[in-house]
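Survey of secondary and tertiary structure
Listed below, chain by chain, are the residues.
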Amino acid sequence: MSEEVEKLQRMLERVTAAEDVPQHEPDPETASLREAWLAFGHLLEAARLPAEMLLDNWPVPPPKRSYRRFWPAAGVLAASLLICGVAMWALQATRRIENASLSPAQTASTGVTHSAPVKKTQKPAASVNEFQWDDSFDDQVAQVGRQVIDVQQGSYAWTDTGGAVQSKIEQIQQDFKDNSL
Amino acid sequence: MAGMAEREHSTAEQQLFADWVCKHGKAVRGFLLAMVRRPEVADDLSQEVFCRAWQARSRYREQGNARAYLLRIADRLVCDRGRGLKRYVNLDEQGWERHQPPDPAAGPSANSLMIEETSRLTAALDRLSPAQRRVLLLRYFGQLSFAEIAATVDLPLSTTLSHCRRGLETLRKMLVEKAS
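Residues numbered from 1 in each chain as written. Chains lettered and ligands numbered in written order. Predicted model: local features only at pLDDT ≥ 70, side-chain atom pairs only at ≥ 80, totals over all residues. Heavy atoms only, no water.

1. Quick word on the overall build of chain A
Spelled out, the test is: Labels follow the DSSP assignment, with helices taken as runs of H or I lasting at least four residues and strands as runs of E lasting at least two, numbered in each case from the N terminus. Residue exposure (1.4 Å probe, protein chains only): buried if accessible area is under 20% of the type maximum, exposed if over 50%, otherwise partly exposed. Contacts: residue pairs with any heavy atoms within 4.5 Å of one another.
Scanning chain A from N- to C-terminus turns up six helices and zero strands. The secondary structure elements of chain A, listed N-terminal to C-terminal, are α-α-α-α-α-α. Taken over 181 residues, chain A has a buried fraction of 16%. Taking all contacts inside chain A whose residues are at least 6 apart in sequence as the whole, residues at least 24 apart take part in 17%.

Written out as structure tokens, the structure reads:
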């Protein structure tokens, strides 16, 4: 920095020093510049006074929202949703397997008719099991029917046999009465 | 523990910001008002200065001088505004009076005095070149050193000093010699 610039800077620093600093300037030019500076300051102060009330009503803006906790929270939420989804899926799969593996005997003994709707998207194996169950049940019904018929036939046979014996006995009794023996 | 420390830090920052508004709000607004000479624009820009200062407060910590930091933001905003709004026009005396109506609570003599001083200020600011105005206003409101002012206005120190001197001479002619 040249000497002139330094000198000018020192002079201007004195001229433009804060208003409340008392100064005595031997140099008339510096003194007049100082006077101009002070007059300028008074005008600036007078001009901005009416707006000071606005300044007092300024709301302090809220601090910028911190996103430091956002991503961990979002991660926890996403993980929770994923776990819930997997759990729901596993539960549904278990139920499907349980439904598919119900034995025909159990179903027959309970007498429950499987009227529950079976989705068309079910595996073919499930459909085969369903048909097998139906055939078995029909077979059992048919078997029971056949047994009933056999019993009835046996009863009739027994009745016929009994009838023949009875008639013989009655004939013998009649012969005794007639003394034809 | 970490949450508590963060909360305390946030409270301390809010306190710092409130201090900024209290201590430097008037100076920032005064600087802006003298630069743009439109009270409502000065108010908007003042709020913008504090918002920007808050958003970039980490940079302030490196610099240290709050008022200088705020006035640099204010000066940049005024320059951006001047570049962006070509239709922007400074108020003349009548316009200033229309935007700064006399206070009905004050007496007629006080009002007339205020109007007169405002007119003188407007005339003085109009006589200064934009560079002189920036240098003198940064010096007055920020009490920045001339080296800091030179860095803010992006000019060599000698040029900055020259602007200051010429500006002061203009003011002397306008405010001292005319009055005498």
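Picking up after the structure, the text goes on.
2. A look at the packing of helix α7 (residues 130–142) of chain B against helix α9 (residues 157–177) of chain B
Each pair of packed helices gets described by two things: the angle between the helix axes and the distance between those axes. Residue and element names in this part refer to chain B. How we decide: Note on method: axes are straight lines fitted to C-alpha atoms, helices fitted across the in-contact stretch only, with angles between N-to-C directions ranging 0 to 180 degrees. Throughout, the term roughly parallel applies to angles under 35 degrees, roughly antiparallel to angles over 145, roughly perpendicular to angles from 65 to 115, and oblique to all others. Residue polarity is assigned by list, with Asp, Glu, Lys and Arg as charged and Ala, Val, Leu, Ile, Met, Phe, Trp, Tyr, Cys and Pro as nonpolar; anything else, Gly included, falls into the polar class.
Packing of α7 against α9 leaves a shortest axis separation of 8 Å and a crossing angle of 95°. Taken together, the axes of α7 and α9 are roughly perpendicular relative to one another. Here α7 contributes Ala131, Gln132, Val135 and Leu136 to the contact with α9, which in turn contributes Thr160, His163, Cys164, Arg166, Gly167, Leu168, Thr170 and Leu171. When the residues that make up the contact of α7 with α9 are grouped by side-chain class, the tally is six nonpolar, five polar and one charged.

3. Quick notes on the packing of aromatic side chains
Aromatic ring pairs are described here by two measures, namely the spacing of the ring centres and the angle between the planes. Applicable threshold: Side-chain rings of Phe, Tyr and Trp, where Trp is taken by its six-membered ring, are said to pair if the distance between their centres is within 6.5 Å; with planes under 30 degrees apart they count as stacked, over 60 as edge-to-face, and otherwise as tilted.
Tallying each qualifying case throughout the model produces four aromatic pairs over all chains. Judged by centre distance (5.6 Å) and plane angle (65°), the ring pair of Trp37(A) and Tyr140(B) falls under edge-to-face. Taken as a pair, Trp37(A) in helix α2 (residues 28–48) and Tyr140(B) in helix α7 lie in two separate chains rather than in one. Judged on exposure class, the residue Trp37(A) and its partner Tyr140(B) are both buried. Ring centres of Trp20(B) and Tyr69(B) lie 5.9 Å apart, and the angle between their planes is 55°; on these two criteria the pair is classed as tilted. Within this pair, whereas Trp20(B) is found in helix α1 (residues 2–36), its partner Tyr69(B) is found in helix α4 (residues 66–84), the two being separated by 49 residues in sequence. Accessibility assignment for this pair places Trp20(B) and Tyr69(B) in one class, buried. Taken together, Trp37(A), Phe40(A), Tyr140(B) and Phe141(B) form an aromatic cluster joined through their ring pairs.

4. Concerning the pattern of salt bridges
Residue and element names in this part refer to chain B. The following threshold applies: Here, a salt bridge means any side-chain nitrogen of Lys or Arg that lies within 4 Å of a carboxyl oxygen of Asp or Glu.
Applying the stated criterion across every chain, the model contains eight salt bridges over all chains. The salt bridge involving arginine 37 is made with aspartate 126; its shortest N-O contact spans 2.4 Å. In this pair, arginine 37 sits in the loop between α1 and α2 (39–55) while aspartate 126 sits in helix α6 (residues 108–127), placing the two residues 89 residues apart along the sequence. Arginine 37 gets classed as buried once you look at its relative accessible area, which sits at 0%. For glutamate 48, the salt bridge is made with arginine 52, and the minimal N-O distance between the two is 3.0 Å.

5. Regarding helix α1 (residues 3–15) of chain A
Residues and elements named next belong to chain A. Our working definition: By this rule, a helix spans an expected 1.5 Å times one less than how many residues it contains. Each C-beta atom gives one direction from the helix axis, and the arc is the one those directions make.
The end-to-end C-alpha distance of α1, which contains 13 residues, comes to 18 Å, matching closely the 18 Å that a straight helix rising 1.5 Å per residue would cover. When we look at burial in α1, the residues that qualify are Val5, Leu8, Gln9, Met11, Leu12 and Val15. What you see down the axis of α1 is that its buried residues fit within an arc of 165°, all on one side. Facing away from the buried surface of α1 by more than 90 degrees, the exposed residues are Glu3 and Lys7.

6. Some thoughts on the nonpolar core
Defined as follows: Nonpolar cores are built from buried Ala, Val, Leu, Ile, Met, Phe, Trp, Tyr and Cys residues. Side-chain atoms within 4.5 Å join them into one set.
Core analysis: the largest hydrophobic core is formed by 63 residues, its most contacted members being Phe40(A), Phe31(B) and Leu32(B). The greatest single-element share of this core, amounting to 11 residues, is contributed by α1(B). Those residues in contact with Phe40(A) that sit more than four places away from it in its chain are Leu121(B), Leu125(B), Leu136(B), Leu137(B), Leu171(B) and Leu175(B).

7. Details of the environment of His24(B)
All names here are of chain B. Looking at the element boundaries, histidine 24 is found in helix α1. When the C-alpha atoms of histidine 24 and leucine 70 are compared, they prove to be 8.0 Å apart, with 46 residues separating the residues in sequence. With sequence-adjacent residues up to four places away left out, histidine 24 is seen in contact with Asp19, Phe50, Ala66, Arg67 and Leu70.

8. Examining α2(B)
The terminal C-alpha atoms of α2(B), which comprises 17 residues, lie 24 Å apart, in line with the 24 Å expected from a rise of 1.5 Å per residue. For α2(B), every residue scored as buried is listed here: Pro39(B), Val41(B), Ala42(B), Asp43(B), Leu45(B), Ser46(B), Val49(B), Phe50(B), Ala53(B) and Trp54(B).

9. Focus on the confidence of the model for chain A
Detailed reading of predicted coordinates is not advised where the pLDDT is low. Residues and elements named next belong to chain A. How we decide: Values of pLDDT, which run from 0 to 100, indicate the predictor's confidence residue by residue.
This prediction gives chain A a mean pLDDT of 72; 59% of its residues lie at or above 70. The weakest mean pLDDT in chain A belongs to helix α3 (residues 52–56) at 44; the strongest belongs to α1 at 89. Considering only residues more than four positions removed or in separate chains, one finds that residues 51–61, a stretch of pLDDT under 50, has 14 contacts.

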